[in-house]
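Inside the fold
The chain contents come next:
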Amino acid sequence: MVRNKNIGGHHSRSSTCKTKKAGSQIAASKDLTPLDDTAGGDIPAPYPELQITGKGQLGFPDTVYLLASVIFQNNHLEKPAAHRLVNYGKERGLRLPDVKDEEMQRTAYELAFNTLKYQELLEDIMIDSCFYLSQSMTDDQMSLVAVMLYDFQDRKFLPRKRQGEEELIQKVRDVDDILLRFKTKLAASLARCRIKHDLLSIECILPESVKMKQERSSCLPLYAWVNTLKSSLDEVQRELRSAGFSEVKSIGQLDGQTFCLDPHCGDVLVLPAQLKAQLCSTKLLSDHKLIIQDKSCSLGPNAVSSLLPEEGDVLMVGCFSGLTVSHTASLIAKKLEANGKGQPTVYVCVGDRTNAQRAELQRVVTAMGCKNVKPIPEDFQSLDLSDKRLQRVRVILLTPKCSVSAVSNLVEYILQEKGDTDLLQDLSQGAIAQSKLEALVAQQRKDIDHALKFPKVLAVVYSTCSSYPEENQEVVSRALERAKTCSEQEGEPKRVNFSLRLSPSPFNIPDHTESLAETEHFFVLEPSEDSNGCFLAVINREPEPVVEGAPHEVILRANAKGILDRIGSNQQLTRKEKRSHTSKTTKITNAHNSQSSLSVSMQSRNQEMMGSSSMTLCGHKPQSLQGKAKAQASKHTVSCSLSSSKHDSTSSSKSEKSTTKKSIQPVLNLTSSTSSLLPGPPPGTPLVPVVRPRRAHQEVLKPVVLVLPRVHFPDFSPPQHSRIGFSPSFDYNQWRSPAPSVPLARSSLTKDAMVESRPLF
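Rules behind the numbers
Residues numbered from 1 in each chain as written. Predicted model: local features only at pLDDT ≥ 70, side-chain atom pairs only at ≥ 80, totals over all residues. Heavy atoms only, no water. Axes fitted to C-alpha atoms, helices over the stretch in contact; angles between N-to-C directions. Helix = DSSP H or I, 4+ residues; strand = E, 2+ residues; numbered from the N terminus. Left-handed = near helix turned anticlockwise from the far one by under 90°. Contact = heavy atoms within 4.5 Å. Nonpolar A, V, L, I, M, F, W, Y, C, P; charged D, E, K, R; others polar. Salt bridge = Lys/Arg side-chain N within 4 Å of Asp/Glu carboxyl O. Buried < 20%, exposed > 50% of the residue type's maximum accessible area, 1.4 Å probe, protein only. Pairing = 2+ DSSP bridges. Core = buried A, V, L, I, M, F, W, Y, C linked by side-chain atoms within 4.5 Å. Phe/Tyr/Trp six-rings, centres within 6.5 Å; stacked < 30°, edge-to-face > 60°. Lys NZ or Arg CZ within 6 Å of the ring centre and 35° of its normal. Lys, Arg positive; Asp, Glu negative; His and termini not counted. Polar contact = N/O pair within 3.5 Å; in protein donor to acceptor, adjacent residues only side chain to side chain. pLDDT = per-residue confidence, 0-100.

Next up on the list: the packing of helix α2 (residues 62–75) against helix α6 (residues 142–154). At a closest axis distance of 8 Å, the pairing of α2 and α6 adopts a crossing angle of 120 degrees. Where α2 crosses over α6, the handedness of that crossing is right-handed. Between α2, through Y65, A68, S69, F72 and Q73, and α6, the contact on the second element is made entirely by S143, L144, A146, V147, M148 and D151. Broken down by class, the residue content of the contact of α2 with α6 amounts to seven nonpolar, three polar and one charged.

Within the secondary structure, L279 sits in helix α11 (residues 276–280). Once the C-alpha coordinates of L279 and L290 are considered, the two residues, 11 residues apart in sequence, prove to be 9.7 Å apart. Non-local contacts of L279, meaning those with residues more than four positions away in its chain, are made with L240, L271, L285, L290 and I292.

Applying the stated criterion across every chain, the model contains 21 salt bridges. For R160, the salt bridge is made with D176, and the minimal N-O distance between the two is 3.6 Å. Here R160 is found in the loop between α6 and α7 (170–181), whereas its partner D176 is found in helix α7, with 16 residues between them in sequence. Each member of the pair, R160 as well as D176, carries the same accessibility label: buried. A salt bridge links D449 to R482, with the shortest nitrogen-to-oxygen separation between them at 3.0 Å.

With that out of the way, let us pick up the sheet that holds strand β3 (residues 246–247). Taking strand neighbours across the sheet as the criterion, the five strands line up as β3-β4-β5-β2-β6 in an open arrangement whose pairing is mixed. The sheet terminates laterally at β3 and β6 (290–292), the two strands that pair on one side only. Judged from the two bridges that link them, strand β4 (residues 258–261) and strand β5 (residues 268–271) form a sheet pairing that is antiparallel. Bridging across to β5, C260 finds its partner in V270.

Within the largest apolar cluster, 92 residues are counted, with the highest numbers of intra-cluster contacts made by M126, L186, L315, I396 and V476. Ranked by residues supplied to this core, first place goes to α6 with nine residues. Look past the residues within four positions of I396 in its chain and what remains in contact with it is L315, V317, A451, F454, V457, A459, V460 and V461. Formed by 41 residues, the second largest nonpolar core is a distinct cluster that contains Y223, L254, L299 and L525.

Here we take up the environment of Q293. Here Q293 shows up in the loop between β6 and α12 (296–307). Given the relative accessible area of 3%, Q293 is considered buried. On a C-alpha basis, the gap between Q293 and W225 in space is 7.3 Å, while along the polypeptide they are 68 residues apart. Aside from chain neighbours lying at most four places away, what touches Q293 is Y223, A224, W225, S321, L323, T324, Q416 and E417.

Summarising burial for strand β10 (residues 393–399): seven of the seven residues are buried, a large majority. Where strand β7 (residues 313–318) lies against β10, six bridges are found, and the strand directions are parallel. Bridge pairing links V317 to L398 in β10. In this structure, β10 lies alongside strand β11 (residues 459–464), joined through four bridges in parallel fashion.

Looking now at the packing of aromatic side chains. Enumeration over the complete set of coordinates arrives at eight aromatic pairs. On the basis of an interplanar angle of 40 degrees and a centroid distance of 5.4 Å, the ring pair of F522 and F535 is categorised as tilted. With F522 in strand β13 (residues 522–525) and F535 in strand β14 (residues 534–541), this residue pair connects regions lying 13 residues apart in the sequence. Overall, F535 belongs to the buried group, its relative accessible area being 1%. Among the aromatic residues, those joined into a ring-pair cluster are Y462, F522 and F535. The ring of F320 has R353 lying over it, and the distance from NZ or CZ to the ring centre is 4.8 Å.

Regarding helix α4 (residues 119–128), the residues found buried are Q119, L121, L122, E123, I125 and M126. Each element contacted by the buried residues of α4 is listed here: α2, α3 (102–117), α5 (131–134), α6 and α8 (183–196). Positive phi appears at C130, one or two residues downstream of α4, with a value of about 65 degrees.

Below, the discussion takes up the environment of M212. Tracing the backbone shows M212 in helix α9 (residues 208–217). Residue M212 is classed as partly exposed on the basis of its relative accessible area, which comes to 40%.

By the element assignment, K213 lies in helix α9. It is E471 that comes nearest to the buried, bridge-free K213 among opposite-charge side chains, at 10 Å. Here the side chain of K213 touches S405 through a polar contact of 2.9 Å, landing on its backbone oxygen. If sequence neighbours within four positions are ignored, K213 has contacts with S405, V407 and S408.

Moving on, we come to the confidence of the model for the protein. Overall, the predicted model of the protein reaches an average pLDDT of 74, with 61% of residues at or above 70. Low pLDDT, under 50, characterises residues 567–574; the predicted model gives this stretch 10 contacts beyond four residues in sequence or across chains.

With two bridges connecting them, β3 and β4 associate as parallel partners. Of the residues in β4, the one forming a bridge with S246 is T258. Hairpin geometry of β4 and β5 is characterised by an intervening segment of six residues between the two adjacent antiparallel strands.

And the structure:
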């Protein structure tokens, strides 16, 4: 598994909570006891140790408190009746107030999330200070009390500073007045709770995982991708340099007005978080040339861009924002524009979104300058494989709803990516409830199973921001197993043929990283102070193997695999092979007839031809017919003809004809094969067609004629030609080509063979 940790040399800081001894805490508790109201005012003494994440702001507008109270009411931990100290009412799932200001929304969610973290501590303060029992507050108001109490202690129990033209909400002002009157007892109760739990600060009461995320979130840099539809990477870098920024090589070197390129995504810049206000002054953000978004959201679009072929569309499914859609559309549009191709279409499934969310997505996409995005109003599970809109889709980007357990700045991420706010309560305690995790995994399995069913899709990019293996590796592995099983059961092995791969990696890997291996299947970005965590898997469709070879070899392989049942070594010849076999038989018959006529006509030859044949038989070296291989074949043929001529001279002419045919047969075999010159099978043996392997190269040999000597009888043999010691059964043996241009072949007859022969008379 590919894991990346702290790329750039950034060292993580550990958040440790040191506890004091009991005696020292009791002594220190005197300093934490709230002072009585002084004559000069109604403000208690400051308590620096009570502040958790003070931001230098004395309170928020009334709208922020009201929105935060509704979020807390919908997500608070409801304890059993026997252990319930504070009752918040039974209403859940309340509609959120309409707040259009994004900064106010983020602040309200941050306030509600922090209140969820310290819910149990805040309830102890309300009970210990007798606030809950002494004040006539309804249960529906307790959510607002909890939210404002957290902010009250966070600002050191100082009164809230009024905003100039803020909207006044009476119930918020009423709770604020009650808390301000009860501030002394509330501060004293907080001090006692710290002593009771042996805490240096209330932050130490949080689970270790929550403390670590809280520490990382304060150190995360800004990630921003370049919108290539409105600008380019070089142009953005020039504008940053002109604004006073300088480029460094790695994230670990970020300090002051600096920026660097992301080590994985080539179109993403990294800047220190405190430079966001200064970055806005460059108009790069307002002109939509540079888009601030978490790095984990940029890995998926970059992977899709690297996998998409020249002609193909993209389908996006899951939980994402309009920024992620715009990033994907801009990347693939720029890539194919460089190749001279038309812009592909990015289809977005929005079936599970409200009308307001669809309108927001369309607004963002239009502002980014994307013209190749088309929403699909249907739910992803209801999309048919034969849908005409999806016939050109080649890559699916699947970012399902997940636990976002690998994200440190949870609130900002959930708001930007339109995540599930129902997970806030679980994430505030550092763990996801088993029932919620199982529900998420079940939906993830359905989505990935349906994505693997599309036959024309070449790759599925599965990405989450979870640290649970149940949502990552296990979902992908089991999905592939189910896809393979379904394919085998349906008897369609070509329909689904997927394999995991992350090699080559879809990301740019710097030289100094030692972690990425080409054999790994998954890409895992570990959460750190440099970035949030991310999991990504590329499920690629393997192409069908190209079969190369002769047709009969393909048939034999198919028969061995059981694809074809009636094809084997005992199969009848195919139509093409039958025609070839018939043609060869006709050629052999014609050759026999021509050989017989030639042998008869050659009987009237002169004795001078016998002399030349004697020279050939005595071992002279005529030129080879077609090279060394053909010369060896001619030697074997002559020896066969000599052996066939060693019969009794009193045999009939019928036996002479059969001897002649037997001597010619090996010569004819030369025209069909150069690798074997064995005698043919007996006449009674049935012919069994044999499938021979196809050769890469074959040479066509010209037929040669073996002329046998005529038979001399005592009554009519010319006396001048009779010789002592020479057998009249043959005058000469000579290889001769039908054409005069072909040279004679070497004879294999030796002198010993001449001595062994005897005259017939």
